[in-house]
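Coordinates in review
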Amino acid sequence: MKANVRLWKSVQPHCRAFSTSPRRLEQYAFIGLGQMGFQMARNLQSKLSPSDTVRLYDLNKEAMERLAQEMRAQKAGGAAVQLADTAADAAKEADTTITCLPEPQHVKSAYSTILSNKLSTTSGKKPVFIDCSTIDPSSSREVGHSVEKAGGIFVDAPMSGGVVGATAGTLTFMLGAPADLVPTLEPTLLRMGKRVLHCGTPGAGLSAKLANNYLLAINNIATAEAMNLGVKWGLDPKVLAGVINVSTGKCWPSEVNNPVPGVVETAPAGRDYKGGFGIGLMKKDLKLAIVAAREAGAKLELAEKAKEVYETAEADDRCKGRDFSVVYRYLGGKE
Ligand code: NAD
């Protein structure tokens, strides 16, 4: 055991020699145990073999210890769990390291710590780094080049499905990786999700994710405006949603996440816009899409206005921290 790693549940090394299974011990690291990472790491660890190890790291020690306790309390199976003192300790000799961090600066900082160690694995294979954070494709490629230069493999696998999908293990990953690596990466991702969409070479997963979320950001505002307009004209919101959802205006915000309370029973609008996809995250993804669009020379006519709407709405106490469909409330919609 390394001095800087506290062992919670470990495999006795001598047991491996007598194991009936020829399977080699796999070493995983999971860095970033926030709302998403905590649940993803839990699913990953529970679906790995006891001969594997997962090393956890987050700046927040309390999250690390709480997760390790949950993993320990698990009745059967699951990989051995270790807690690391730094991101570099977590990734040391890991075959696969998964990172799930908030913004580009956190990803850059974690990888600069990781790369302060010489990269290696006990198997002699190149270590693989899967970054599930939603950041801009350029920052991701920049980190990827540093990892490659140090002898590792770096891919981007941002996800959709939110905390609900992370908890249930039903996330969709948008993977940016060389095609020949997809079969190697899929089993790990499918322990945390149910779908892997290979979008192209590194950075492509993030491009797909940001293009989708740009469209979502606009659709959400347009749906809130259209619903508010109809209600102000005297239409019953359920009748209006019924028309839109069999017509050309139909979209995810109108059909699944309708912003008017009571139109869709399960939508966050019906619970004071609590839960769901936070307005702050929408604002963040929109900003990333704007940066990436600028770099690619792609004209976005609606982006700045949409950004202003999310920024102003988020600064409003009635909307802060709520699902992004709360834009309807910000517009003065009838609830
Ligand atoms: P979060 O803020 O809840 O968690 C981030 C975690 O990273 C925190 O625990 C923080 O302590 C840790 N952290 C920050 N810097 C670190 C460092 N240098 N080393 C180690 N740990 C560090 O964020 P989240 O909601 O889990 O989201 C993670 C990523 O997934 C983000 O990029 C987000 O955009 C994306 N995402 C989130 C959702 C969602 O619904 N929450 C959905 C899809 C994608």
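Everything quoted here is computed from the prediction, not taken from an experiment.

Counting 58 residues, the largest nonpolar core has F30, M40, L56, I130, F173 and L175 as the members making the most contacts within it. Once residues within four sequence positions are removed from consideration, L56 is found in contact with F30, L33, A41, M64, L67, A68, M71, V81, Q82, L83 and A84. Ranked by size, the runner-up nonpolar core spans 35 residues in total, among them L240, V260, V264 and Y328.

Attention now goes to the pattern of salt bridges. Applying the stated criterion to the full structure yields 16 salt bridges. K283 is paired through a salt bridge with E314; the nearest N and O atoms lie 2.6 Å apart. Here the residue K283 occupies a position in helix α12 (residues 279–296), and E314 occupies one in helix α13 (residues 303–315), the gap between them amounting to 31 residues. Of the two residues, K283 and E314, both sit in the buried class. Between R329 and E335 there is a salt bridge; the shortest N-O distance is 2.8 Å.

Attention now goes to the packing of helix α2 (residues 35–47) against helix α3 (residues 61–73). Following both chains from N to C, one finds α2 and α3 inclined at 30°, their axes separated by 11 Å at the closest point. It follows that α2 is roughly parallel to α3 by the angle criterion. For the pair α2 and α3, the crossing hand works out as right-handed. For the pair formed by α2 and α3, the contact residues are F38, A41, R42 and Q45 on the first element and A63, R66, L67, E70 and M71 on the second. Of the residues that constitute the contact of α2 with α3, the class distribution is 5 nonpolar, 1 polar and 3 charged.

Time to look at the site of the ligand. The environment of the ligand is formed by 23 residues, the closest being M36, D58, L101, T134 and K284. Take D58: an N or O atom from its side chain is 2.6 Å from an oxygen atom of the ligand. The backbone of L59 places a nitrogen or oxygen atom 3.4 Å from a nitrogen atom of the ligand. Relative to its free-state accessible area of 830 Å², the ligand is covered by the protein chains to the extent of 86%. Where the shell around the ligand is concerned, the elements lending two or more residues are α2, α5 (104–114), α7 (162–168) and α12. Of the residues forming the shell around the ligand, the biggest block, 3 residues, is contributed by α2. Classifying every residue of the shell around the ligand gives 11 nonpolar, 9 polar and 3 charged.

This paragraph deals with helix α6 (residues 137–149). With 13 residues, α6 ought to run about 18 Å at 1.5 Å a step, and its terminal C-alpha atoms sit 18 Å apart, in line with that. By the burial criterion, the buried members of α6 are P137, S139, S140, V143, G144 and V147. All buried residues of α6 project into a common sector of 160° when viewed along the axis, lining one side. On the buried face of α6, the contacting elements are α5, β6 (128–131), β7 (153–156), α9 (204–232) and α12. One or two positions beyond α6, positive phi appears at G151, with a value near 100°.

So, about the environment of P158. Counting through the fold element by element, P158 comes out in the loop between β7 and β8 (159–160). A relative accessible area of 0% means that P158 is categorised as buried. In this structure, P158 is in contact with D131, C132, S133, T134, T172, F173, M174, G205, L206 and K209, ignoring residues within four places of it in sequence.

Residues that lie three or four places apart on an α-helix share one face, since the helix turns once every 3.6 residues. For α12, with 18 residues, the first-to-last C-alpha span of 26 Å sits near the 26 Å given by 1.5 Å per residue. Of all the positions in α12, only I279, M282, K283, K284, D285, L286, L288, A289, I290, A292 and A293 are classed as buried. In this fold, the buried residues of α12 make contact with α5, α6, α9, α13 and α14 (327–330). Directly beyond the C-terminal end of α12, a positive phi value near 70° is found at G297.

With that settled, the discussion passes to the pairing of strand β2 (residues 27–31). Counting buried positions along β2 gives 5 out of 5 residues, so the element sits mostly inside the fold. With burial as the criterion, each face of β2 is covered, one bearing Q27, A29 and I31 and the other bearing Y28 and F30. Taking the sense of rotation as the criterion, the β-α-β connection linking β2, α2 and strand β3 (residues 53–57) turns out right-handed. With 4 bridges connecting them, β2 and strand β5 (residues 96–99) associate as parallel partners. What sits directly across from I31, in β5, is T99.

About the thresholds
- Residues numbered from 1 in each chain as written.
- Predicted model: local features only at pLDDT ≥ 70, side-chain atom pairs only at ≥ 80, totals over all residues.
- Heavy atoms only, no water.
- Core = buried A, V, L, I, M, F, W, Y, C linked by side-chain atoms within 4.5 Å.
- Buried < 20%, exposed > 50% of the residue type's maximum accessible area, 1.4 Å probe, protein only.
- Contact = heavy atoms within 4.5 Å.
- Salt bridge = Lys/Arg side-chain N within 4 Å of Asp/Glu carboxyl O.
- Helix = DSSP H or I, 4+ residues; strand = E, 2+ residues; numbered from the N terminus.
- Axes fitted to C-alpha atoms, helices over the stretch in contact; angles between N-to-C directions.
- Parallel < 35°, antiparallel > 145°, perpendicular 65-115°, else oblique.
- Left-handed = near helix turned anticlockwise from the far one by under 90°.
- Nonpolar A, V, L, I, M, F, W, Y, C, P; charged D, E, K, R; others polar.
- Near = heavy atom within 4 Å.
- Polar contact = N/O pair within 3.5 Å; in protein donor to acceptor, adjacent residues only side chain to side chain.
- Areas by Shrake-Rupley, 256 points an atom, 1.4 Å probe, with all protein chains shown as cover.
- Expected span 1.5 Å × (residues − 1).
- Arc of directions from axis to C-beta.
- Right-handed = clockwise from strand over helix to strand, strands pointing away.
- Pairing = 2+ DSSP bridges.

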